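# Overview (structure and organization)
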Amino acid sequence: QVQLVQSGGGLVQPGGSLRLSCGASGSIFSIIAMRWYRQAPGKERELVAVITRDDTTNYADSVKGRFTISRGSAKNTVYLQMNSLKPEDTAVYYCNALVRTTALLNYWGQGTQVTVSA
């Protein structure tokens, strides 16, 4: 079992920045990747950024060069630094842990609203 608790988010003007945090607890040794997803109203949930156990990162084309996923020194916290925010970044952002035991399992954070508006 892995528990994820998110923090951060809120309202920001276009061009602004926000940082999301996701703290993992429980069987964190079984996590093979941490991911950030987002879901805008009326749209499907989309993958935004990934960081693997060996710190390899990957991003959706829509956020490349603007968002950065990173891991804290304790390795059980993942951040999403979001710069140059656009109104189309408005969504509920979810932290995800991909866990390998005898199968691949997904665990989710509670979600946090990010609103980019003037």
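Coordinates for the structure precede this section.
Residues numbered from 1 in each chain as written. Predicted model: local features only at pLDDT ≥ 70, side-chain atom pairs only at ≥ 80, totals over all residues. Heavy atoms only, no water.

Counting secondary structure elements, the protein chain contains zero helices and 11 strands. The order of α-helices and β-strands along the protein chain, N terminus first, is β-β-β-β-β-β-β-β-β-β-β. Over its C-alpha trace the protein chain gives a radius of gyration of 14 Å, about what one expects of a compact globule, namely 13 Å for 118 residues. In terms of its C-alpha atoms, the protein chain occupies a principal-axis envelope of roughly 45 × 30 × 25 Å. Within the protein chain, the fraction of its 118 residues that count as buried is 44%. In the protein chain, the proportion of contacts linking residues at least 24 apart, taken out of those at least 6 apart, comes to 52%. Computed over 12 positive and 7 negative side-chain charges, the inter-centroid distance for the protein chain is 5 Å. (Helix = DSSP H or I, 4+ residues; strand = E, 2+ residues; numbered from the N terminus. Rg over C-alpha atoms; globule rule 2.2 N^0.38 Å. Buried < 20%, exposed > 50% of the residue type's maximum accessible area, 1.4 Å probe, protein only. Contact = heavy atoms within 4.5 Å. Lys, Arg positive; Asp, Glu negative; His and termini not counted. Charge placed at Lys NZ, Arg CZ, Asp CG, Glu CD.)

Next up on the list: the pairing of strand β11 (residues 112–116). The two faces of β11 differ: T112, V114 and V116 on one face are buried, but Q113 and T115 on the other face are not. With three bridges joining them, strand β2 (residues 10–12) and β11 adopt parallel strand pairing. Looking at β11, one finds that V12 is bridged to V116. Both strand β9 (residues 91–100) and β11 contribute to a ladder of three bridges, which runs antiparallel. Its bridge partner being in β11, V92 is matched across the sheet by Q113. (Pairing = 2+ DSSP bridges.)

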